[in-house]
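Chain residues, written in single-letter form:
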Amino acid sequence: MIPSTARVAMLAGPKSVEFREFPLPEISDDQILVKVEACGICGTDGHEYNRDPFGLAPVVLGHEGTGEIVKLGKNWTEDTAGRPLKVGDKIVTCILPCGKCDPCKNMPGRVNMCENVGVYGLIPDDDVHFNGFFGEYIVIRPGSTVFNVSDLNLDQRILVEPSAVVVHSLERAKTTGLLNFSSVVLVQGCGPIGLLQIATLRTMGIENIIALDGNDSRLEMARSMGAATGLNFTKYDGIDAIADAVKASNNGRLADFVFQCTGVGAAGANAWKLVKRGGGLCEVGFFMDGGQSVINHHYDICNKEITAVGSWLYTPQDYVITFDFLKRAYGIGLPLTDLISHRFSLDNIVDAFETNVQMKGIKVAVIVE
């Protein structure tokens, strides 16, 4: 039975969450009404909760979400990958490209570059209201990218969106031609994204993975995701000592490739010091402005002839690869769902946000019952 009204957790301003109730709208032929089941909290959500740097408030956050279709507009017969859709199916969402800007028109397969890209959970409040997964329902708009994930369990579905982030960064890294079975790869930052990045590398057959973080428990989790070595940067005096530790664990050489998965400017600069001559780097961590950092163009780029790529969001095609990544990871025994360290009800979403921003867990999830 679908109610006539439903609640959302509206971020009214920094650290100000208000539960608001709105009438559920009539669903057009091009819309979908989804009953939310769960949503993970992203680092971006934490930044928005703390200080609303994007100026989105009032906004219903939540983009790592999943739920069940309860009303399906008649023009929706299949998902973005061509799988049939029906009431009762479980779904996740991807980006909302505008279809009109230069990247949308002239860069096939790279709609993540859309100049007006939309993401559920980062859409300011409007007359729809149900725009994010931190509510009881969400309304899927015309032109959305939607995927049927009824074959995945709830925990797996919670991890789809962050997994798509690292699948995209891995695809970007592969364009350098520098990754193969023998590559020694360093992942800097073992939060949810870094840990999932390690898992993607392990599933593609790379065994020589070095994890770098300042938290021993996260380094232990990194080992369970497939890292062969864990280095705690707090135990070394400066970047030169960290680089020596990398060499010590790698027969005197720096890493062939580095994935930079922190959002800290100083760490972003340090990552270049850990790549060997002729190696590569993928910058994954800066979805928010992390401030300016300083690199030495001579020593860090030119002298080493580094090949570097940036990674931004994901494409619908990355989602299709992500589903296979998740199945492969579970198939080889990687405990991905162990990343979900905390679960909170929607009523306790403020506690969930605080747990996230205080970095008390790994992946914090809100379960909507």
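For the structure itself, look to the data block above.
Residues numbered from 1 in each chain as written. Predicted model: local features only at pLDDT ≥ 70, side-chain atom pairs only at ≥ 80, totals over all residues. Heavy atoms only, no water.

Please set out unusual backbone geometry residue by residue, giving values where relevant.
Backbone phi values are negative for most residues with the exception of glycine, while trans is the configuration of most peptide bonds. At the junction of Ala-57 and Pro-58, the peptide bond is cis and its omega measures out at 0° in the coordinates. Among the secondary structure elements, Pro-58 is positioned in the loop between helix 1 (43–51) and strand 4 (59–60). A positive phi angle is found at His-129, which is not glycine, with a value near 75°. Positive phi, normally seen in glycine, also occurs at Glu-305, with a value near 50°. Tracing the chain through its elements places Glu-305 in the loop between helix 9 (297–302) and strand 14 (307–310). In this structure Glu-305 comes out as exposed when scored by relative accessible area, which is 64%. (Helix = DSSP H or I, 4+ residues; strand = E, 2+ residues; numbered from the N terminus. Buried < 20%, exposed > 50% of the residue type's maximum accessible area, 1.4 Å probe, protein only.)

Account for the sheet that holds strand 2 (residues 16–23), with residues named and values stated.
If you walk across this open sheet you meet the three strands as 2-1-4, and the pairing is antiparallel. Of all the strands in the sheet, just strand 2 and strand 4 have a single pairing partner and so form its edges. Sheet topology places strand 1 (residues 5–13) next to strand 2; eight bridges connect them, and they run antiparallel. Bridge pairing links Val-8 to Arg-20 in strand 2. (Pairing = 2+ DSSP bridges.)

Describe helix 6 (residues 216–225), and please don't skip the residues or the numbers.
The set of residues buried in helix 6 consists of Arg-218, Leu-219, Met-221, Ala-222 and Met-225. The arc that holds every buried residue of helix 6, seen down its axis, measures 155°, which confines them to one face. Taken together, the buried residues of helix 6 touch helix 5 (192–203), strand 10 (208–213) and strand 11 (229–232). Two residues or fewer past helix 6, Gly-226 is found with a positive phi of approximately 125°. (Arc of directions from axis to C-beta. Contact = heavy atoms within 4.5 Å.)

For the packing of helix 1 against helix 11 (residues 349–357), give the residues involved together with the corresponding values.
Packing of helix 1 against helix 11 leaves a shortest axis separation of 9 Å and a crossing angle of 110°. With respect to their mutual orientation, helix 1 and helix 11 come out roughly perpendicular. Mapping the contact onto sequence places Asp-45, Gly-46, Tyr-49 and Asn-50 in helix 1 and Val-350, Phe-353, Glu-354, Asn-356 and Val-357 in helix 11. (Axes fitted to C-alpha atoms, helices over the stretch in contact; angles between N-to-C directions. Parallel < 35°, antiparallel > 145°, perpendicular 65-115°, else oblique.)

A description of the sheet that holds strand 9 (residues 184–188) should follow, citing residues and the corresponding values.
Spatial strand order, 11-10-9-12-13-14: six strands in an open sheet with parallel pairing. Across the chains shown, the open sheet's two edge strands, defined by having one partner strand only, are strand 11 and strand 14. Taken over all neighbouring pairs, the strand axes of this sheet differ in orientation by 20° on average, direction set aside. Relative to strand 12 (residues 255–260), strand 9 is paired through four bridges, and the arrangement is parallel. Among the inter-strand pairings, Gln-188 is bridged to a residue of strand 12, identified as Gln-260. Of the strands in this sheet, strand 12, strand 13 (275–283) and strand 14 touch helix 4 (residues 160–174), which is tilted by about 145° from strand 12.

I'd love a proper account of the side chain of Gln-156, names of residues and values included.
Positionally, Gln-156 belongs in helix 3 (residues 154–158). Discounting residues that sit within four places of it in the chain, Gln-156 has contacts with Leu-326, Tyr-330 and Thr-337.

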